[in-house]
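Architecture at a glance
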Amino acid sequence: RPKVKRKKLSFVKRFGNGQLLKSVLLPKHYKNGHCIWNFSIAVSKSKRAINDWNSCKKNKRAAKLKNSLPGAVGSRSLIEAARITRRCFEYIPKGDAIAFQCTSSLPQKQLRVFKKWLIGRENLPWEYLEDLNIFFLYKN
């Protein structure tokens, strides 16, 4: 059986006040030829800080970003991330899934925005797994 390979996808959006939103779709778990993708977002003025945070570096830039993940644009960044997940959903093959965990510095605010946006307004069949605090989307 050949090994299934997937490539990382990343998207960058620049807001009017100079803030950058970087979202990364990373293949994490493989099973029976299918994959679960981890979706993560970060907002900052510095690309280097976002990359340090994304690669889990233990430095001042990554620590500072970890404490202010919504950035200076607030919930607008979370709504834009929801739009980007809709675009990402087109790229992944059938049988794969996207998982998005609410791990920002303000997880309740992030959870409230995503419940309203993903489950309330999106046409995609998002599921919220309450015990793990994860939004999950499976592509049939």
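Further up the page is the structure itself.
Let me begin by describing the structure that accompanies this report. (Residues numbered from 1 in each chain as written. Predicted model: local features only at pLDDT ≥ 70, side-chain atom pairs only at ≥ 80, totals over all residues. Heavy atoms only, no water.)

1. Re the nonpolar core
So the rule is basically this: In these notes, a set of buried Ala, Val, Leu, Ile, Met, Phe, Trp, Tyr and Cys residues joined through side-chain atoms within 4.5 Å is what counts as a nonpolar core. Between buried and exposed lies partly exposed: a residue is buried under 20% and exposed over 50% of the maximum accessible area for its type, with that area taken using a 1.4 Å probe on protein chains only. Only DSSP runs of H or I reaching four residues or more are called helices, and only runs of E reaching two or more are called strands; each is numbered from the N terminus. Residues are treated as being in contact if the distance between any of their heavy atoms lies within 4.5 Å.
Among the nonpolar cores identified, the biggest contains 29 residues, and Phe39, Ile98, Phe114 and Phe135 are the most heavily contacted of them. Taken together, the elements giving at least two residues each to this core come down to strand S2 (20-31), strand S3 (34-44), helix H3 (75-91), strand S4 (97-101), helix H4 (107-121) and strand S6 (134-138). Among the elements that make up this core, the one with the highest residue count is H3 (6 residues). What phenylalanine 135 contacts, discounting residues up to four positions off in sequence, is Ile98, Ala99, Phe100, Cys102, Leu111, Phe114, Lys115, Leu118, Ile119, Trp126, Glu127 and Tyr128. In this structure, Ala42, Ile50, Ala62 and Leu65 belong to the second largest nonpolar core, which totals 6 residues.

2. Some points on the packing of aromatic side chains
Worth spelling out the cut-off: Put simply, two rings from Phe, Tyr or Trp (the six-membered ring, in Trp's case) pair if the centres are within 6.5 Å, and we call them stacked under 30 degrees between planes, edge-to-face over 60, tilted for the rest. Only Lys NZ and Arg CZ are tested; either one counts as a charge over a ring when it is within 6 Å of the ring centre and within 35 degrees of the ring normal.
Under the counting rule described, the total for this entry stands at 3 aromatic pairs. Judged by centre distance (6.2 Å) and plane angle (35 degrees), the rings of phenylalanine 11 and tyrosine 91 are tilted. Taken together, the positions of phenylalanine 11 in strand S1 (residues 9-14) and tyrosine 91 in helix H3 put the pair 80 residues apart, joining distant regions of the chain. Ring geometry for tyrosine 128 and phenylalanine 135: centres 4.9 Å apart, planes at 40 degrees, overall tilted. Over the ring of phenylalanine 89 we find lysine 139; its NZ or CZ atom is 5.3 Å from the centre of that ring.

3. Comments concerning H4
The criterion, for reference: Expected helix span is given by 1.5 Å per residue-to-residue step, counting one fewer step than there are residues. Bend is computed residue by residue as the angle between axes fitted to the seven residues ending at the residue and the seven residues starting at it.
The terminal C-alpha atoms of H4 lie 20 Å apart, and with 15 residues this matches the ideal 21 Å at 1.5 Å per residue to within 8%. Of all the bends in H4, the greatest measures close to 25 degrees and is centred on phenylalanine 114. Gln110, Leu111, Val113, Phe114, Trp117 and Leu118 are the residues of H4 that are buried. Each element contacted by the buried residues of H4 is listed here: S3, H3, S4, strand S5 (127-129) and S6.

4. Things to note about the side chain of aspartate 96
Heads up, the condition is: Pairs of N or O atoms are called polar contacts if they sit within 3.5 Å, as long as, within protein, a hydrogen donor faces a hydrogen acceptor (for residues adjacent in sequence, only side-chain-to-side-chain pairs).
Its location among the elements puts aspartate 96 in the loop between H3 and S4. Residue classification places aspartate 96 among the buried positions, given a relative accessible area of 0%. Only 2.9 Å separates the side chain of aspartate 96 from the side chain of arginine 6, close enough to count as a polar contact. Polar contacts involving the side chain of aspartate 96 include one to the main-chain amide nitrogen of cysteine 35, which spans 2.9 Å. Excluding anything up to four places from it in sequence, aspartate 96 contacts Arg6, His34, Cys35, Trp37, Leu137, Tyr138 and Lys139.

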